[in-house]
Number of protein chains: 4
Amino acid sequence: MAKLSDSEISSQLAKLPNWGLKDGKLHREYKFSDFAHAFGFMATAAPLIEKRDHHPEWANVYNRVTVDLTTHDAGGVTQKDVDLAALLEGIAKKLA
Amino acid sequence: MAKLSDSEISSQLAKLPNWGLKDGKLHREYKFSDFAHAFGFMATAAPLIEKRDHHPEWANVYNRVTVDLTTHDAGGVTQKDVDLAALLEGIAKKLA
Amino acid sequence: MAKLSDSEISSQLAKLPNWGLKDGKLHREYKFSDFAHAFGFMATAAPLIEKRDHHPEWANVYNRVTVDLTTHDAGGVTQKDVDLAALLEGIAKKLA
Amino acid sequence: MAKLSDSEISSQLAKLPNWGLKDGKLHREYKFSDFAHAFGFMATAAPLIEKRDHHPEWANVYNRVTVDLTTHDAGGVTQKDVDLAALLEGIAKKLA
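Residues numbered from 1 in each chain as written. Chains lettered and ligands numbered in written order. Predicted model: local features only at pLDDT ≥ 70, side-chain atom pairs only at ≥ 80, totals over all residues.

Engineer: If you had to explain the nonpolar core to someone new, which residues and values would you point to?
Structural biologist: In terms of nonpolar packing, the biggest core is built from 116 residues, with F41 of chain A, F41 of chain B, F41 of chain C together with F41 of chain D touching the most fellow members. Sequence-distant contacts of F41 of chain D, that is, excluding residues within four places in its chain, are made with Y30, F32, V65, I91, A92 and L95 of chain D. (Core = buried A, V, L, I, M, F, W, Y, C linked by C-beta atoms within 7 Å. Buried ≥ 20, exposed ≤ 12 C-beta atoms within 10 Å, placed from the backbone. Contact = placed C-beta atoms within 7 Å.)

Engineer: Could you give me a rundown of the environment of V77 of chain B, with the residues and numbers involved?
Structural biologist: Residue and element names in this part refer to chain B. Topologically, V77 is positioned in the loop between β4 (64–69) and α3 (79–95). Residue classification places V77 among the buried residues on the basis of 24 C-beta atoms within 10 Å. Here the alpha-carbon distance between V77 and P56, two residues 21 residues apart in the chain, equals 12 Å. Discounting residues that sit within four places of it in the chain, V77 has contacts with K3, L4, I9, K25, L26, T70 and T71. (Helix = DSSP H or I, 4+ residues; strand = E, 2+ residues; numbered from the N terminus.)

Engineer: Now, about the packing of helix α2 (residues 35–52) of chain D against helix α3 (residues 79–95) of chain D: what can you tell me, with residues and values included?
Structural biologist: Residues and elements named next belong to chain D. Two elements in contact, α2 and α3, have axes separated by 10 Å at closest approach and are oriented at 145°. In the crossing of α2 with α3, the sense of the turn from one axis to the other is right-handed. Residues H37, G40, F41, T44, A45 and L48 of α2 form the contact with α3, whose participating residues are L87, L88, I91, A92 and L95. Grouping the constituent residues of the contact of α2 with α3 by class yields eight nonpolar, three polar and no charged. (Axes fitted to C-alpha atoms, helices over the stretch in contact; angles between N-to-C directions. Left-handed = near helix turned anticlockwise from the far one by under 90°. Nonpolar A, V, L, I, M, F, W, Y, C, P; charged D, E, K, R; others polar.)

Engineer: Tell me what's going on with the relation of the copies chain D and chain B, and back it up with residues and numbers.
Structural biologist: At an RMSD of 0.0 Å, chain D and chain B line up after a rotation of 180° and a shift of 0.0 Å along the axis. Taken together, these values place the two copies in the relation of a two-fold axis. Looking at the interface residues of chain D, 100% of them are also at the interface in chain B, so both copies use one shared face. (Least-squares fit on C-alpha atoms with pLDDT ≥ 70 in both.)

What follows is the structure, encoded as structure tokens:
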């Protein structure tokens, strides 16, 4: 899995309008209606994350979830991160 | 918490069109896109269920979740069950 | 994945002392300290279940979880069910 | 809910040997066997967290969960944080 170049990342981010690049990682902050929905977002994603064996860095406080995506083995953002961002975006949109 | 009469249950079910009465319990079967969304439905509801201290009987197989609601202490369906049905319906609608 | 014979199932169940055969499925009833631990058992298992793409029939009421395992494609109990039973048993033992 | 003094926090931390104070918050880093157990820890705690209406700051990467506890309304660490630390410690010990 090859590290994406800056222009490749920019191109991919065009399809993920709410995601950005922060400290070299794909970054997104979600705000849900309450803790239950924030946790439910993580819980809906958890089985699919484990299935693809590619895990996010994510943090939760009450109704907020912050996500950072990178591929350690590749030393940067790869297509795996872009795909995981798209997966998380789809689930978050439902629960938002 | 008083047991609802049959006519009170009928009146409440009018507001919950996909719910019915089965074996004296409020009953609903959900079908999601996959296991992750079925589990995510349960996981989003779990904190809110614990908060109100009123728990469902629910079963999951792959993408399906069957729910049965009754209030053991009252020996039948109470307003607590109607309220829990409405809560679950709202979450399921988002994840369906 | 071939259906196990009755003697093969008996042999496997010897290693899973709390599991039995009910209606042709591997069967086990768990009782946890409270709803949170019962749900936590299901949640810890959920990512691993999705990863192996073999899903249980399971039901929860308050602190209880009932599990039934069969392989639909094989028309009976297979090694996949035995392996899933062992996985669930390991997680349940920790949370019990 | 009153903010605890430094000496009160020290006294409480004596009962929570793996917890420390970091940036004015109760702090603990957990390492589990895999992502499923790290997520399972959060999921077991989630209903109990919502019930007491006091939420942690916590972050997960693969098999690790970092927890920071403070009471925003009190501007520091309170007994609520100490109690939540004890709750999380009990669950984590089971799943570790």
